[in-house]
Amino acid sequence: MTKFTGARKVWRVLAILTISLVMIGVGVAQAGIIRVAILPFSANAPQDISYLTKGIRDMLASRLAWQGKVQVVEPDMVTNALKGVKAPYNDEKARAAGEKLHAEVVVFGAVTMLGKAISIDARVVKVGQADPALTAFVQAPNENEVIPKINAFAQRINAEIFRRPEAVEAMKHQASGEESGGGSSGKAEVQQDDGDEHMSPLNPMFIKKLYGVRSDRFWRSPRIHGSVNSIAVADIDGDGNQEVLVLTAKSLRVYRHGGDYFRMVTEYKDIPLGAYLYYVDAGDLNGDGRPEIYISCRIAHALASFVLSFDQGRFVMLENNITYYLRMQDNPWGEGKVLFGQQTAADMPFWGPIYRMKWKDGKLEAGEQLELPDVSTIYNFVLADLNGTGGRPMCVLSGNTYHMRVYDRRMQPLWVSSEQYNASDLYVWYKPLSGGAEDESIWYFHTRMLAVDLDGNGQKEIIAVRNSDPSGMMLGRMRMFNRGQIFSLQWNGMSMVENWRTPRISGYVADYAIADVSGSGEPALVLAYNMREYGGLMDKGFAYVVAYTIKPKELSSKGRGQ
């Protein structure tokens, strides 16, 4: 399963570069021979990986050459054209080399190896034109899953760009199982699977552990430009349909999924200068019958969170400059939602107790203080009735080491996991006073945990993510998450056991929710994941929203799954 999933991951992202080349090919003169220059791929690794960079270039060159149609510039000519040009190459250097070589298209990039994990960052530019570079970024757990795909990648180029008959015919047999690289048409992808005995009853894409039947499908949004920090799902305009709220660092975007389409309907960008948006939650806490939108915001070392409503097609500010981080959860003591808050300080990322927030006289203020384990922060815990017996909830949290911990109703420790969950790439700078440190320190937040009853047995299960970093998060301030996977875990009285897991997702899973986003009457696991593109001194990225449809499991007369 791991090898197959990784191979598909490489193939999908290589297909993005192929599509980029297709778009470039349209603008290249059709008369005469098309010249393509492939620059040496730069190497970023502690060891010598020249065999890998040379192999990528040579395989592409030998498979793209087509007598009388396509000419790949000889490597020696490329080397001569690059004399005096220092790697790594950028768009300007690549275009200059292309002019010297009389090439219409230039392909270049970099290969990074960290341990066994490999990432390839490729760029394609048009020579003599100022169009932005088209990019592709692929990651794989080892080199064996990269090199074989170069052959298939070249075949795809021959089919899509040069229309070589044998390549076109070969691609017809693969097209039905291939996923699109995303686009701007607004049309959502829908995938369906026949299923097998290893599937969860909730969705055939989920890999079961305790039970399994066949079920439904998933869809994926078109590409969202920029990285997503957080999402929430709510009917903010009161029309009976759920909107997907997508939070980036500088704006709140509202999307709607209807039929085959997933489109942005509005965006809130009235953000103070220097503000950074971390998390979004939505729910009706003030009792007016319509969800409020709670956004955790920070400006430098101060919190400036705010609350919005959406009325008659526009955003309305209900309150701003709130000096609390905010987090909403399903009410563990009853119906509806609850909102928690915690403050910060210049010398520590979190300061003071965690409070249950409430509205009073039109203002959001701190209410009762929660009794939680000492290691709790507002974003690393969830309260839930894990036994399904009612009464005071138990606590599940992911500590500073990201190991999941379960506490009883008196907040005494019961269990700790060996695996890590809910690691995040969101962080904040702070300046500790102890020890006389002069430099600022960095604190990474946690991703969300959910407490839900998806299988209908009356017992809450925990939905948590496991984001993987090839370095094991051992690079200090840097994190390089390259895949994520969401798990459903349930308390059996002694430990948390796995119900199901999603397939591995190529990228960093930023946030997720459970909601009916399509109006089908069935809930879905809605998640946002980010993929990064590296270029120059900055890294940019894009994101997707994915929804796995959930079909509740049929229950026996006792309320337990059959």
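Attention in this report is confined to the structure presented alongside it.

Basis of the calculations
Residues numbered from 1 in each chain as written. Predicted model: local features only at pLDDT ≥ 70, side-chain atom pairs only at ≥ 80, totals over all residues. Heavy atoms only, no water. Helix = DSSP H or I, 4+ residues; strand = E, 2+ residues; numbered from the N terminus. Buried < 20%, exposed > 50% of the residue type's maximum accessible area, 1.4 Å probe, protein only. Contact = heavy atoms within 4.5 Å. Areas by Shrake-Rupley, 256 points an atom, 1.4 Å probe, with all protein chains shown as cover. Polar contact = N/O pair within 3.5 Å; in protein donor to acceptor, adjacent residues only side chain to side chain. Core = buried A, V, L, I, M, F, W, Y, C linked by side-chain atoms within 4.5 Å. Phe/Tyr/Trp six-rings, centres within 6.5 Å; stacked < 30°, edge-to-face > 60°. Lys NZ or Arg CZ within 6 Å of the ring centre and 35° of its normal. Pairing = 2+ DSSP bridges. Axes fitted to C-alpha atoms, helices over the stretch in contact; angles between N-to-C directions.

In this section: the overall build of the protein chain. The helix and strand tally for the protein chain stands at six helices and 37 strands. Buried positions account for 52% of the 562 residues belonging to the protein chain. Within the protein chain, contacts between residues separated by at least 24 positions form 54% of all contacts whose residues are at least 6 apart in sequence. Accessible surface for the protein chain amounts to roughly 25,700 Å². Of this, 50% is attributable to carbon and sulfur atoms.

Among the secondary structure elements, Ser 417 is positioned in strand β27 (residues 413–420). Engagement of the side chain of Ser 417 in a polar contact is seen with the backbone oxygen of Glu 419, the distance being 2.6 Å. Excluding residues that lie within four positions of it along the chain, Ser 417 makes contacts with His 403 and Met 404.

With 23 residues, the main nonpolar core has Ile 38, Phe 41, Leu 52, Ile 56, Val 111, Ile 118 and Ile 120 as its most contacted residues. Examining the composition of this core, we find that five residues originate from one element, helix α2 (residues 50–64), more than from any other. Here Ile 38 is in contact with Arg 57, Leu 60, Ala 61, Leu 64, Val 72, Val 78 and Val 107, once residues within four sequence places are set aside.

A word on the packing of aromatic side chains. Per the counting criterion, the structure on display carries 24 aromatic pairs. Relative to Phe 445, the ring of Tyr 278 lies with its centre 5.1 Å away and its plane at 75°, an arrangement referred to as edge-to-face. Taken as a pair, Tyr 278 in strand β15 (residues 275–283) and Phe 445 in strand β29 (residues 441–446) lie far apart in primary sequence, 167 residues in all. Classification of Tyr 278 as buried rests on a relative accessible area of 5%. Seen in terms of ring centroids, Phe 310 and Phe 315 are 5.0 Å apart; in terms of plane orientation they differ by 70°. Their pairing is edge-to-face. Phe 310 gets classed as buried once you look at its relative accessible area, which sits at 11%. Exposure remark for Phe 315: the relative accessible area of 14% places this residue in the buried category. A connected cluster of aromatic rings, assembled from ring pairs, spans Tyr 276, Tyr 278, Tyr 279, Tyr 325, Phe 350, Tyr 379, Trp 443 and Phe 445. The aromatic ring of Phe 542 is capped on one face by Arg 223, whose charged end is 3.8 Å from the ring centroid.

What follows deals with the sheet that holds strand β20 (residues 325–330). What the four strands build is an open sheet, ordered β20-β21-β22-β23; its pairing is antiparallel. Each of the sheet's edge strands pairs with one partner strand only, and the pair in question is β20 and β23 (363–369). Sheet twist, expressed as the mean angle between neighbouring strand axes with direction ignored, is 45°. Where β20 lies against strand β21 (residues 337–345), six bridges are found, and the strand directions are antiparallel. For Met 328, the partnering residue across the bridge sits in β21 and is Leu 339.

Turning our attention to the sheet that holds strand β25 (residues 394–398). Spatially, the four strands line up as an open sheet ordered β24-β25-β26-β27, and their pairing is antiparallel. The open sheet is flanked by β24 (381–384) and β27, the only strands paired with a single partner. Neighbour to neighbour, the strand axes of the sheet diverge by 15° on average, direction disregarded. The sheet contact formed by β24 and β25 spans four bridges and is antiparallel. By the bridge assignment, Ala 384 is partnered in β25 with Met 394.

All we've got here are geometric facts, nothing functional implied.
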